[in-house]
Amino acid sequence: MTTHTHSAPSLQPSVQPSLQPQAILLLRVALGVMALAHGLLKVFVFTLPGTVGYFESLGLPGFLAYLTIAAEVGGGAALILGVYTRWVSLALVPVLLGAAWVHLGNGWMFSNTGGGWEFPVFWTLALIVQAGLGSGRGVLSNRFA
């Protein structure tokens, strides 16, 4: 009796190296820059008191504004550096789901008055994808990736 072993064909071309690590890096840095920019927007444009007031106008406790800013600034910096990418990505999901909730009544399109929920939901999904992919290349330290 003869046994034949067949290997599955490779789905990746053997000639061209994979661009996956660079793509993961690009997604991670883009998500980090977006989170950092949103956090700093709340500090320097809307101001801390203005952001607290906005959260309170939504019926949320004012201290959540500080937690949101800390999550966006700290999480954005961590993603840019590739520090604990999976955990940071998942930690930012509730922040974005909160943003989607805030914009839910404005319709789907983010270009609607008051901004719709399309962008925060897409951003949430991108963070979940990033959590699944990990850090990619260009991390501060592989030990903390």
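Note that the coordinates shown come from a computational prediction; the quantities given were computed from them, not determined experimentally.

S.K.: Looking at this structure, I do not really get the overall build of the chain. What am I missing?
M.R.: When helices and strands are counted, the chain shows five helices and zero strands. Moving toward the C terminus, one meets the helices and strands of the chain in the order α-α-α-α-α. Put simply, the chain has 145 residues, and 29% of those count as buried. Split by element, the accessible area of the chain, about 9200 Å² in all, is 71% carbon and sulfur.

S.K.: Help me understand the packing of aromatic side chains in this model?
M.R.: For any pair of aromatic rings, geometry is given as the distance between the ring centres together with the angle between the planes. Under the defined criterion, the tally for this structure stands at three aromatic pairs. Ring centres 5.4 Å apart and planes at 55° place the aromatic pair Phe110 and Phe119 in the tilted group. Each ring, one from Phe119 and one from Trp123, has its centre 5.4 Å from the other, and the planes form 45°; the classification is tilted. Placement of both Phe119 and Trp123 in helix α5 (residues 118-133) is noted, with a separation of four residues, approximately one turn of the helix. Through a chain of ring-to-ring contacts, the aromatic side chains of Phe110, Phe119 and Trp123 assemble into a single cluster.

S.K.: Just checking my understanding: could you explain the layout of surface pockets for this structure?
M.R.: Any empty space left between the atoms is revealed when a probe the size of a water molecule rolls over them. Approximately 640 Å³ is the volume attributed to the largest pocket. Forming the boundary of the largest pocket are 26 residues, of which Lys42, Phe55, Glu72, Ala99 and His103 lie nearest the centre. Of all the secondary structure elements, the ones that give two or more residues to the lining of the largest pocket are α1 (20-44), α2 (48-57), α3 (63-81), α4 (85-103) and α5. Examining the composition of the lining of the largest pocket, we find that eight residues originate from one element, α4, more than from any other. In the lining of the largest pocket, the residues fall into 18 nonpolar, six polar and two charged.

S.K.: Before we go on, may I ask you to explain the side chain of Thr68 in this structure?
M.R.: Note that Thr68 resides in helix α3. A distance of 2.8 Å separates the side chain of Thr68 from the backbone oxygen of Leu64, its partner in a polar contact. Residues in contact with Thr68, not counting those within four places in the same chain, are Lys42, Phe55 and Val95.

S.K.: Teacher, can you tell me more about α3 here?
M.R.: The periodicity of an α-helix, 3.6 residues per turn, causes residues three or four positions apart to be oriented the same way. The terminal C-alpha atoms of α3, which comprises 19 residues, lie 27 Å apart, in line with the 27 Å expected from a rise of 1.5 Å per residue. Within the span of α3, buried status applies to Ala65, Thr68, Ile69, Glu72, Gly75, Gly76, Ala78 and Leu79. The secondary structure elements touched by the buried residues of α3 are α1, α2, α4 and α5. Positive phi shows up at Gly82, right after α3, with a value of about 75°.

S.K.: Would you mind going over the packing of α4 against α5 with me for this structure?
M.R.: Each pair of packed helices can be summarised by the angle the axes make with each other and by the distance between the axes. The geometry of α4 relative to α5 is characterised by a closest axis approach of 8 Å and an angle of 170° between their N-to-C directions. Here α5 runs roughly antiparallel to α4, going by the angle between their axes. When the axes of α4 and α5 are compared, the crossing they make is left-handed. Here Thr85, Arg86, Ser89, Leu90, Leu92, Val93, Leu96, Leu97, Ala99, Ala100 and His103 of α4 come into contact with α5, specifically with Pro120, Val121, Trp123, Thr124, Leu127, Ile128, Gln130, Ala131, Gly132 and Leu133. Its residues assigned to classes, the contact of α4 with α5 comprises 14 nonpolar, six polar and one charged.

The rules behind these values
Residues numbered from 1 in each chain as written. Predicted model: local features only at pLDDT ≥ 70, side-chain atom pairs only at ≥ 80, totals over all residues. Heavy atoms only, no water. Helix = DSSP H or I, 4+ residues; strand = E, 2+ residues; numbered from the N terminus. Buried < 20%, exposed > 50% of the residue type's maximum accessible area, 1.4 Å probe, protein only. Areas by Shrake-Rupley, 256 points an atom, 1.4 Å probe, with all protein chains shown as cover. Phe/Tyr/Trp six-rings, centres within 6.5 Å; stacked < 30°, edge-to-face > 60°. 1 Å grid on protein atoms, 1.4 Å probe; cavity = no way out; pocket = protein on both sides within 12 Å on 5 of 7 lines; lining within 4 Å. Points joined across faces, edges and corners; volume = space filled by probe spheres on them. Nonpolar A, V, L, I, M, F, W, Y, C, P; charged D, E, K, R; others polar. Polar contact = N/O pair within 3.5 Å; in protein donor to acceptor, adjacent residues only side chain to side chain. Contact = heavy atoms within 4.5 Å. Expected span 1.5 Å × (residues − 1). Axes fitted to C-alpha atoms, helices over the stretch in contact; angles between N-to-C directions. Parallel < 35°, antiparallel > 145°, perpendicular 65-115°, else oblique. Left-handed = near helix turned anticlockwise from the far one by under 90°.

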